[in-house]
Amino acid sequence: MTQIGRSEADTDERGALPRSTPSLYRAGARAESLGPAGDRIRGDRVLHEALTAGADPLHLALVVNLSHTTASRYAAIAQNLLDDQIEQTARNE
């Protein structure tokens, strides 16, 4: 059975999300209880997820439990970083 909004790359052979996905959500919840430092930690984790997931806002909204607006913002930031990396690589060649 195909799950809506998830690519096959997001799941293992059984269709389950990777084990790191729930821990990312729990770590974010714990980080929020630390105040401003925790917010920074959570933001870094969300951005890392956005970079590794290919800047997909739907993936972020589902995995990290973000609103679609916040997920779109993180995805846009990740896409800009990925584009900058591609441009730097092209200039160095």
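The structure presented is a predicted model; accordingly, all values stated were derived computationally and were not measured. (Residues numbered from 1 in each chain as written. Predicted model: local features only at pLDDT ≥ 70, side-chain atom pairs only at ≥ 80, totals over all residues. Heavy atoms only, no water.)

Visitor: Explanation requested: unusual backbone geometry in the structure shown.
Guide: Across residues other than glycine, the phi torsion is negative in most instances, and most of the peptide bonds are trans. A positive phi angle, near 55°, is found at Ala55, a position not held by glycine. As for its position among the elements, Ala55 is in the loop between helix H2 (36–52) and helix H3 (57–63). On the basis of relative accessibility, which here comes to 11%, the residue Ala55 falls in the buried class. (Helix = DSSP H or I, 4+ residues; strand = E, 2+ residues; numbered from the N terminus. Buried < 20%, exposed > 50% of the residue type's maximum accessible area, 1.4 Å probe, protein only.)

Visitor: Can you walk me through the environment of Gln79 in this structure?
Guide: Residue placement: Gln79 occurs in helix H4 (residues 68–92). Residues Gln79 and Ala50 lie 29 residues apart in sequence; the distance between their C-alpha atoms is 8.5 Å. Setting aside chain neighbours within four positions, we find Gln79 in contact with Gly54 and Ala55. (Contact = heavy atoms within 4.5 Å.)

Visitor: Can you help me understand the nonpolar core in this one?
Guide: Side chains of a nonpolar character, in soluble globular proteins, are inclined to be buried together. Within the largest apolar cluster, eleven residues are counted, these being Val46, Ala50, Ala55, Leu60, Ala61, Val63, Val64, Leu66, Ala71, Ala75 and Ala78. Contributions of two or more residues to this core are made by H2, H3 and H4. For Ala61, the residues in contact, after removing those within four places along its chain, are Leu66 and Ala71. (Core = buried A, V, L, I, M, F, W, Y, C linked by side-chain atoms within 4.5 Å.)

That is the geometry; function is a separate question.
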